[in-house]
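These are the residues of each chain, in order.
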Amino acid sequence: MTIERQQTGQRMSRIVKHNGTIYLCGQVCKDATQDIAEQTATMLDKVDELLLEAGSGREHILSATIYLKTMADFAAMNAVWDAWVPEGHAPARACVEAAMARPELLVEISVVAAEA
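Residues numbered from 1 in each chain as written. Predicted model: local features only at pLDDT ≥ 70, side-chain atom pairs only at ≥ 80, totals over all residues. Heavy atoms only, no water.

**Topic: the pattern of salt bridges**
Point 1. Counted under the stated rule, the structure contains four salt bridges.
Point 2. Close ionic contact of K17 with E115 constitutes a salt bridge, the shortest N to O distance being 3.1 Å. With K17 in strand 2 (residues 13–18) and E115 in the segment after strand 6 (107–114), this pair connects stretches of sequence that are 98 residues apart.
Point 3. On the accessibility criterion, K17 (13% relative accessible area) is buried.
Point 4. By relative accessible area, which is 34% here, E115 ends up partly exposed. (Salt bridge = Lys/Arg side-chain N within 4 Å of Asp/Glu carboxyl O. Helix = DSSP H or I, 4+ residues; strand = E, 2+ residues; numbered from the N terminus. Buried < 20%, exposed > 50% of the residue type's maximum accessible area, 1.4 Å probe, protein only.)

**A few points about the nonpolar core**
Point 1. Ranked by internal contacts, the top residues of the largest apolar core, which has 25 residues, are L24, I66, M77, W81 and I109.
Point 2. Elements with a minimum of two residues in this core: strand 3 (21–27), helix 1 (36–54), strand 4 (61–68), helix 2 (74–84) and strand 6.
Point 3. At seven residues, helix 1 tops the list of elements feeding residues into this core.
Point 4. Ignoring any residue separated from it by four or fewer positions in sequence, one finds I109 in contact with C25, G26, Q27, M43, L44, V47, A64, T65, I66 and W81.
Point 5. Counting residues in hydrophobic clusters, the runner-up holds five residues, among them V28, C29, M100 and L105. (Core = buried A, V, L, I, M, F, W, Y, C linked by side-chain atoms within 4.5 Å. Contact = heavy atoms within 4.5 Å.)

**Quick look at unusual backbone geometry**
Point 1. Within the chain, Q7 stands out as a residue other than glycine whose phi angle is a positive 55 degrees.
Point 2. By the element assignment, Q7 lies in strand 1 (residues 3–8).
Point 3. Taking relative accessible area as the criterion, Q7 reaches 35% and is therefore assigned partly exposed.
Point 4. Within the chain, N19 stands out as a residue other than glycine whose phi angle is a positive 55 degrees.
Point 5. Along the chain, the position of N19 falls in the loop between strand 2 and strand 3.

**Some thoughts on the packing of aromatic side chains**
Point 1. On inspection of all chains with the given rule, the structure shows one aromatic pair.
Point 2. A centroid spacing of 5.5 Å and a plane angle of 40 degrees characterise the contact between W81 and W84, whose relative ring orientation is tilted. Of this pair, W81 and W84 are both found in helix 2, three residues apart, which corresponds to roughly one turn of the helix. Like W84, W81 is buried. (Phe/Tyr/Trp six-rings, centres within 6.5 Å; stacked < 30°, edge-to-face > 60°.)

**Concerning the pairing of strand 4**
Point 1. Across seven bridges, the pairing between strand 4 and strand 6 is antiparallel. The residue bridging Y67 from the neighbouring strand is E108, located in strand 6.
Point 2. As paired elements, strand 4 and strand 5 (residues 92–97) share six bridges and run parallel to each other. Across the sheet, the residue bridging to T65 is A94, located in strand 5. (Pairing = 2+ DSSP bridges.)

Keep in mind these values describe shape, not function.
Okay, structure coming up:
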């Protein structure tokens, strides 16, 4: 059993692969000055990029944990999420309210996926 780490820094690896499973580090938006819909969309773009690099895609996501700064953004975040998840491929998912690493961040996601 091999563990493969990609884009590794002192604190974390952006991608870890083990035994056919891909673990992504938490992803946030590209521009934290935007609203929840735009932050969610660009965060999911980053997930797409990492999954592609890891040899997978959104239809292979096993689970996702979404962290929202406030549950008042739940419906707006879900509108973007629902359009992004391929029909019939919804992963196991949790969504919780959490303190963010920076005050301007509204959403973060952690993803586990299978290799394609």
